[in-house]
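Take a look at the letters that make up each chain.
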Amino acid sequence: QVQLVESGGGSVQAGGSLRLSCAASGSIFSRHVMGWYRQAPGKQREFVATIISGGSTNYLDSVKGRFTISRDNAKNTVYLQMNSLKPEDTAVYYCNVFSASMKGYDYWGQGTQVIVSS
């Protein structure tokens with residue numbers, strides 16, 4: 001089975017930076033989509049960034065230019081570099097791996113807390 005473990009969360013001042021890591025174990029392929037989602041208290045989980053086959057990326061509009069997603073397939077790890085953090089970025093961040101071609105292949109980590117204070 002696939003297991004995802006996030007790390008790198010913490011508390012920072014507005015304008016600061018954090019780098020989140022997601023270490024994956026199990027059957028991970030470069031064709032699979034890996035990404036980050038976040039959920040603030042009382043709000044629904046939302047898409048933040050994804051990286052797909054060939055390295056193509058997509059971002060939530062509000063994080064474009066501030067966040068960068070990357071992956072190291074040899075290490076089965078995906079990263080989210082977060083710069084110029086804002087209080088509205090405060091949330092629990094979740095790592096995800098998904099396959100459009102493999103039914104039922106959709107896994108989530110337990111999440112890592114990010115708190116940005118003003």
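About the criteria used
- In this numbering scheme, every chain counts its residues from 1 along its sequence in written order.
- Predicted model: local features are reported for residues with pLDDT of at least 70 only, side-chain atom pairs are reported and counted for 80 or more only, and whole-chain, interface and lining totals are derived from all residues.
- Note that the side-chain values use all heavy atoms of the structure and ignore hydrogens as well as water.
- Numbered from the N terminus, helices here are DSSP runs of H or I no shorter than four residues, and strands are runs of E no shorter than two.
- The buried label goes to any residue with under 20% of its type's maximum accessible area, the exposed label to any with over 50%, and the partly exposed label to all in between, with areas taken from a 1.4 Å probe on protein chains only.
- Residue contacts follow a heavy-atom distance rule, with two residues in contact if any of their heavy atoms lie within 4.5 Å.
- The term polar contact refers here to a pair of N or O atoms within 3.5 Å; inside protein, the definition further demands a hydrogen-donor-capable atom paired with an acceptor-capable atom, and it admits residues adjacent in sequence only when both atoms are side-chain atoms.
- In this description, a nonpolar core means a group of buried Ala, Val, Leu, Ile, Met, Phe, Trp, Tyr and Cys residues linked to one another through side-chain atoms lying within 4.5 Å.
- Pairs of cysteine sulfur atoms within 2.5 Å are what we label disulfides.
- Strand pairing requires that DSSP identify at least two bridges connecting the strands.

When you line up the elements, Tyr-93 lands in strand β9 (residues 91–98). The exposure class of Tyr-93 is buried, given its relative accessible area of 0%. Distance in space between the C-alpha atoms of Tyr-93 and Leu-80 is 9.9 Å, their sequence separation being 13 residues. With near-sequence residues (within four places) excluded, Tyr-93 lies in contact with Glu-6, Leu-20, Trp-36, Tyr-37, Arg-38, Val-48, Phe-67, Leu-80, Met-82, Gly-111, Thr-112 and Val-114. A polar atom in the side chain of Tyr-93 sits 2.9 Å from the side chain of Arg-38. Here Asp-89 takes part through its backbone oxygen, which lies 2.6 Å from a polar atom of the side chain of Tyr-93.

Another aspect to go through is the nonpolar core. If you look at the biggest cluster of nonpolar residues, it comprises 30 residues, and the most contacted ones within it are Trp-36, Leu-80, Met-82 and Tyr-93. Residue assignment for this core shows that the elements contributing at least two residues are β3 (18–25), β4 (33–39), β5 (46–51), β7 (67–72), β8 (77–82), β9 and β11 (112–117).

The subject of this paragraph is the state of the cysteines. Covalently bonding the sulfur atom of one cysteine to the sulfur atom of another cysteine gives a disulfide. In this structure the tally under the stated criterion is one disulfide. In this model Cys-22 forms its disulfide with Cys-95; the gap between the sulfur atoms is 2.1 Å. Judged by the torsion about the S-S bond (-85 degrees), the Cys-22/Cys-95 disulfide is left-handed. Remark: Cys-95 occurs in strand β9 and Cys-22 occurs in strand β3; sequence separation between them is 73 residues. We classify Cys-22 as buried; its relative accessible area is 0%. In this structure Cys-95 comes out as buried when scored by relative accessible area, which is 0%.

Another point: the side chain of Arg-38. In this fold, Arg-38 is placed in strand β4. For Arg-38, a relative accessible area of 5% puts it in the buried group. A polar contact of 2.8 Å, which involves the side chain of Arg-38, links it to the side chain of Glu-46.

The next subject is the pairing of β4. Bridge count for β4 against β9 is seven bridges, and the pairing is antiparallel. Note on β9: the bridge partner recorded for Tyr-37 is Tyr-94. Sheet topology places β4 next to β5; five bridges connect them, and they run antiparallel. Residue pairing for β5: Tyr-37 is matched across the bridge by Phe-47. Where β4 folds back on β5, the antiparallel hairpin that results is connected by six residues, among which Gly-42 adopts a positive phi of roughly 80 degrees.

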